[in-house]
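An overview of the molecular structure
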Amino acid sequence: MRFPEFFKRQLTIARVYGIPVRIDYRWFAVVALSVWLIASNLQKPIQLGNVLLPPHAPATAWLLGLITTAGLFLSVFGHELAHALMARAEGIEIEEIVLHPFGGLARLKTDPQNPRAEFRIALAGPASSFLFAILAFVATKIAAIGDYESTVVVFFLIAAGNLLLALFNLFPGYPLDGGRVLRALIWRRTGDIKDATRKAGICGILIGGMLVLFGVYILISPNWRAAQPYFMSVWSILVGLFLLDTALKVVKSAQHARLVTVSDAMSPPVTIEPGLMVTRFVDDILPLHRQTSFPVAVSGRLHGILSLEDLKSLPRERWATTSVQAVMRPVKPGFFVEPATTLDSAQSVMKENGVGAVAIVNARGELVGFLQRGSIKRRSRTKPR
Ligand SMILES: [Zn+2]
């Protein structure tokens, strides 16, 4: 779905616990629609279980429509805030909370580091919605005992809204909360977040497609004609398309990241022998290769990595008498990965290991390639799959 840029602009309305709360302009159309729908229905008699509510005067109906919509707005916000606070408890910073026409989104600065954190953050939203629903149902009962009919309507709609919010979000398709729970479960079982994201995204595509089909079905099916399901139909189609669009993007990017491995991006290793004197290295090898680190190996076996950083501390007069072995960093886990490692994880290895590069060693323990930070983006782009 493409909307004109203006309608995509966002308005910051508040800061809660230091988190900016933004509203998408399109959201106002949804608010107006909600107020109007509630107000026009309240002007007719309504049967709520065993309580018959008399029609309301227009002014009262509009006021109740506004109050109920505000309650629903706070419910969506409370749901997102629950995600955000749980994320913060898991040590993740929160970028913003956005309220858009299809609900809300708590945007995190980084992805959860482990399946347990993902699971907790995903469940916090629906759990809070269930809690709000229970509280509002209790309030409905209390208001019914006291014969406060208008209050009954408000609390009943808020309770129903929260219940729907919780149940709908638990559908097991990414990017819904249920899809994130599914992703966390697959991730925990296989240890592969990319694969988990792809699978949960595929479920999201299926659910989005089903919602679109359902919306079309109730519109054309004679069984539904009496119910005049136009609003529900349009809503179902729009939400379905939104889910389809988001899930498709997620699956595509997960698929791409899954396919690009270090063997796609690595270069053949320029190796140096441990016994080589530093003078020889600086004179003969360094001028030919624009690298900042080199794998040190003997007949295909990795012994360590020599970083130019390490040579800086060595006085020039000792170059002729010092071997590479004496200044290199001896091999350790974090200096090498397997050829099938994804580029993503190799990049985080390089970020952490202090040499800004990583050797690629195959299952037989042979050095088959070398990767350096900075040289990767260009290479992986020239070899798309
Ligand atoms: Zn949620």
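Report follows, based on the coordinates. (Residues numbered from 1 in each chain as written. Predicted model: local features only at pLDDT ≥ 70, side-chain atom pairs only at ≥ 80, totals over all residues. Heavy atoms only, no water.)

**Some points on the overall build of the protein**
Condition: Working definition: helices are DSSP H or I runs of at least four residues, strands are E runs of at least two. Numbering for both runs from the N terminus. Each radius of gyration reported is based on C-alpha atoms, and the globular scaling rule is 2.2 Å times the count of residues to the power 0.38. Accessibility here uses a 1.4 Å probe with only protein chains present; expressed as a share of the type maximum, an area under 20% marks a residue as buried, one over 50% as exposed, and anything in between as partly exposed. The Shrake-Rupley method, run with a 1.4 Å probe, gives the accessible areas here. Residue values count only the displayed protein chains as cover. A residue counts as positive if it is Lys or Arg and as negative if it is Asp or Glu; His and the chain ends are not included. In plain terms, the charge of a residue is placed at NZ if it is Lys, CZ if Arg, CG if Asp and CD if Glu.
Scanning the protein from N- to C-terminus turns up 15 helices and 12 strands. For 385 residues, the compact-globule estimate of 2.2 N^0.38 gives 21 Å, and the protein exceeds it by more than 25% at 30 Å. Expressed along its principal axes, the backbone C-alpha trace of the protein runs to roughly 100 × 45 × 40 Å. Counting only residues that meet the buried cut, the protein has 41% of its 385 residues in that class. Element-wise, carbon and sulfur atoms account for 63% of the exposed surface of the protein, whose accessible area totals about 21,000 Å². Across the protein, the mean location of the 41 positive side-chain charges is 4 Å away from that of the 26 negative side-chain charges.

**A short note on the nonpolar core**
Our working rule: For the purposes of this section, nonpolar cores are sets of buried Ala, Val, Leu, Ile, Met, Phe, Trp, Tyr and Cys residues that join through side-chain atoms within 4.5 Å. Residues are treated as being in contact if the distance between any of their heavy atoms lies within 4.5 Å.
Grouped together as the largest cluster of nonpolar side chains are 16 residues, with contacts concentrated most on Ile272, Val278, Phe281, Ile285, Leu306, Leu311 and Val324. Mapped onto this core, the elements with two or more residues apiece are helix 11 (278-285), strand 7 (293-298) and helix 13 (324-327). If we ignore the near neighbours within four places in the chain, the residues touching Val324 are Ile272, Glu273, Pro274, Leu276, Val278, Phe281, Val296 and Leu306. Counting 11 residues, the second-largest nonpolar core is a separate cluster that includes Val21, Ala87, Ile92 and Ile94.

**Details of the pairing of strand 2 (residues 19-24)**
We count it as follows: One requirement defines pairing of two strands: DSSP has to find at least two bridges between them.
The element strand 2 is largely enclosed, with a buried count of 5 among its 6 residues. With 6 bridges connecting them, strand 1 (residues 10-16) and strand 2 associate as antiparallel partners. Each bridged residue has a counterpart across the sheet, and for Gln10 the counterpart in strand 2 is Asp24. The loop that links strand 1 with its antiparallel partner strand 2 comprises 2 residues; one of these, Tyr17, has a positive phi angle of about 50 degrees. In terms of strand pairing, strand 2 meets strand 5 (residues 94-100) through 3 bridges, oriented parallel. Following the sheet pairing, Val21 is matched in strand 5 by Ile97.

**Regarding unusual backbone geometry**
Here the residue pair Tyr174 and Pro175 is connected by a cis peptide bond, since its omega of 10 degrees sits within 30 degrees of zero. Even without a glycine there, the phi angle at Ser299 is positive, about 35 degrees. Looking at the secondary structure, you find Ser299 in the loop between strand 7 and strand 8 (301-307).

**Thoughts on the coordination of the zinc ion**
This is how it is decided: Donor criterion used throughout: N, O or S atom within 2.8 Å of the metal, extended to 3.2 Å for Na, K and Ca. Water excluded; incomplete-looking sites may result. Metal sites are grouped by the angles between bound donors: all angles between 85 and 135 degrees with four donors is tetrahedral, opposite donors over 155 degrees apart with the others between 65 and 115 is square planar for four donors and octahedral for six, and any other pattern is irregular.
Around the zinc ion, the protein contributes the donor atoms His79 (NE2), His83 (NE2), Asp177 (OD) and Asp177 (OD), which lie 1.9 to 2.6 Å from the metal centre. Classification of the site at the zinc ion as irregular follows from its 4 donor atoms and the range of 55 to 149 degrees in their angles at the metal.

**Observations concerning the packing of helix 2 (residues 26-42) against helix 3 (residues 58-89)**
Basically, it comes down to this: In this description, a line fitted to the C-alpha atoms serves as the axis of each element, helices being fitted only across the stretch in contact, and the angle between N-to-C directions of two axes falls anywhere from 0 to 180 degrees. To sort the angles, those under 35 degrees are grouped as roughly parallel, those over 145 as roughly antiparallel, those from 65 to 115 as roughly perpendicular, and the leftovers as oblique. Crossing handedness is read from the near helix: turned anticlockwise from the far helix by less than a right angle, it gives a left-handed crossing, and turned clockwise, a right-handed one.
For the pair helix 2 and helix 3, interaxial distance at closest approach is 8 Å and the crossing angle is 135 degrees. The angle between helix 2 and helix 3 falls in the class oblique. Viewed along their axes, helix 2 and helix 3 form a crossing whose handedness is right-handed. Touching Trp27, Val31, Ser34, Val35, Trp36, Ile38, Ala39 and Leu42 of helix 2 are Ala61, Trp62, Leu64, Gly65, Leu66, Thr68, Thr69, Leu72 and Phe73, all from helix 3.

**What about the packing of aromatic side chains?**
Which entries qualify depends on this criterion: Classification of ring pairs uses Phe, Tyr and Trp, with its six-membered ring standing for Trp, and accepts pairs whose centres are within 6.5 Å; under 30 degrees between planes counts as stacked, over 60 as edge-to-face, and the remaining range as tilted.
One pass over the structure, following the stated rule, counts 5 aromatic pairs. Each ring, one from Phe168 and one from Phe171, has its centre 5.6 Å from the other, and the planes form 45 degrees; the classification is tilted. Here Phe168 falls in the partly exposed class, since its relative accessible area comes to 25%. With relative accessibility at 35%, the residue Phe171 sits in the partly exposed group.

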